[in-house]
Amino acid sequence: MTAGPVHTVLSVLRGAESWLAARGIDAPKRSAELLLGHVLGLGRLQLYLQHDRPMAQAERDALRSLVARRGQGEPVAHLLGSWSFRGHELEVSSAVLIPRPETESLVSLVLERAGQGARVLDLGTGSGAIAIALAVERPDLRVTAVEVSRNAVAVAGANAARHGVAERLDLRLGSWWEPIAAAEQFEIVVSNPPYIDPGAPDGLEPEVARFEPPLALYTARGDVVSCYRAIAAGLAQHLAVGGWFCAETGQGAAQPALALLQSEPALAEVTLANDEQGLGRYLLARRA
């Protein structure tokens, strides 16, 4: 009897990559590596160090299931159940946006402006990525995070506990300023709010539109600055004098949002900073 072919880590990896590539999946090699590493409990380097290791049928079946879902466009982060943000592993699900590298730079902008012991408010925290990164990297900061989605609050709470900052992160359920007391003020207000018009989602990747939460993506129809307007309405009351508002924006919303902030009497030094690709990405403004 002739023995069947031996399915090694490398042969299975190449097969998964080829299958994903044939279906037009972005970065098929990276997807295959992450999914196979997840199944085997191995990092990328370990996969190649163990390239000739035979794979059991159960392992191949588990990978096949994940790769099939990836072939339908489901994000790798959802398949893994977690994603790295500034080196902090965060639980993610369909209830929250998958943290992006661009948002890592937003955290850096906040850290550059946050004085010792500053009070920081993260509006629309989602998975808690921004708030948790700030609390982990700067234990002196007093961080409050607000989120309207109850399911997202549960994810953020789990992530805060995972990183040991649950006792230092004040997580509140509500829309924008609703959970904030009238007299509360903060030296930093940060947000990565929705900035995509659902009626004109130009440039939105299909898998993002299909699998990530509409509540975290879309503005009011026909009004790409609706969320920035809601946030700006509370800055005069809740942003301390000399404090900073730092927010992320995107193509199509950057200039209208900049104009909105420039029209606010309470704000000064309003600028739009570029990301690493040279695109206007970060709105910065100081409380006059």
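Residues numbered from 1 in each chain as written. Predicted model: local features only at pLDDT ≥ 70, side-chain atom pairs only at ≥ 80, totals over all residues. Heavy atoms only, no water.

Chemist: Could you give an account of the overall build of the protein chain, with specific residues and numbers?
Modeler: The number of helices and strands found in the protein chain is twelve helices and nine strands. Counting all 288 residues of the protein chain, 49% fall into the buried class. If you take every contact in the protein chain between residues at least 6 apart in sequence, the share linking residues at least 24 apart comes to 64%. For the protein chain, the centre of its 26 positive side-chain charges and the centre of its 32 negative side-chain charges are spaced 3 Å apart. (Helix = DSSP H or I, 4+ residues; strand = E, 2+ residues; numbered from the N terminus. Buried < 20%, exposed > 50% of the residue type's maximum accessible area, 1.4 Å probe, protein only. Contact = heavy atoms within 4.5 Å. Lys, Arg positive; Asp, Glu negative; His and termini not counted. Charge placed at Lys NZ, Arg CZ, Asp CG, Glu CD.)

Chemist: Give me the lowdown on the sheet that holds strand β4 (residues 142-147), citing residues and values where you can.
Modeler: Pairing is mixed in the open sheet, where seven strands are placed in the order β5-β4-β3-β6-β7-β9-β8. Two strands bound the open sheet, and with one partner strand each, they are β5 (169-173) and β8 (267-274). Sheet twist, expressed as the average angle between the axes of neighbouring strands with direction ignored, equals 15 degrees. Bridging between β8 and strand β9 (residues 280-287) involves six bridges; their strand directions are antiparallel. Its bridge partner lying in β9, Ala-268 is registered against Arg-286. In the packing of helix α7 (residues 129-137) onto the sheet, the strands contacted are β3 (119-123), β4, β5 and β6 (186-191), and the crossing angle to β4 comes to about 170 degrees. (Pairing = 2+ DSSP bridges. Axes fitted to C-alpha atoms, helices over the stretch in contact; angles between N-to-C directions.)

Chemist: Provide a residue-level description of the environment of Arg-168, including the pertinent values.
Modeler: Mapped onto the elements, Arg-168 comes out in the loop between α8 (150-162) and β5. The class for Arg-168 is partly exposed, based on a relative accessible area of 34%. Note: C-alpha distance between Arg-168 and Leu-235 (67 residues apart in sequence) is 23 Å. Dropping the residues within four chain positions of it, Arg-168 is found in contact with Ala-135, Arg-138, Pro-139, Leu-141 and Val-143. One polar contact links the side chain of Arg-168 to the main-chain carbonyl oxygen of Ala-135, over a distance of 3.0 Å. (Polar contact = N/O pair within 3.5 Å; in protein donor to acceptor, adjacent residues only side chain to side chain.)

Chemist: So what about the nonpolar core? Which residues, and what values?
Modeler: Within the largest apolar cluster, 32 residues are counted, with the highest numbers of intra-cluster contacts made by Leu-121, Leu-123, Trp-177, Val-189, Tyr-228, Leu-235 and Phe-245. In terms of residue count, helix α11 (residues 226-238) provides more of this core than any other element does, five residues in total. With near-sequence residues (within four places) excluded, Val-189 lies in contact with Leu-121, Leu-123, Trp-177, Leu-235, Leu-239, Trp-244, Phe-245 and Cys-246. (Core = buried A, V, L, I, M, F, W, Y, C linked by side-chain atoms within 4.5 Å.)

Chemist: Could you give an account of the pairing of β3, naming the residues involved and the relevant values?
Modeler: In terms of burial, β3 is a largely internal element, four of the five residues being buried. Two elements, β3 and β4, share five bridges in a ladder whose sense is parallel. Within β4, the position partnered with Leu-121 by the bridge is Thr-144. Each parallel crossover has a hand, and for β3 linked through α7 to β4 it is right-handed. As paired strands, β3 and β6 are joined by four bridges and run parallel to one another. Paired with Val-120 across the bridge in β6 is Ile-188. (Right-handed = clockwise from strand over helix to strand, strands pointing away.)

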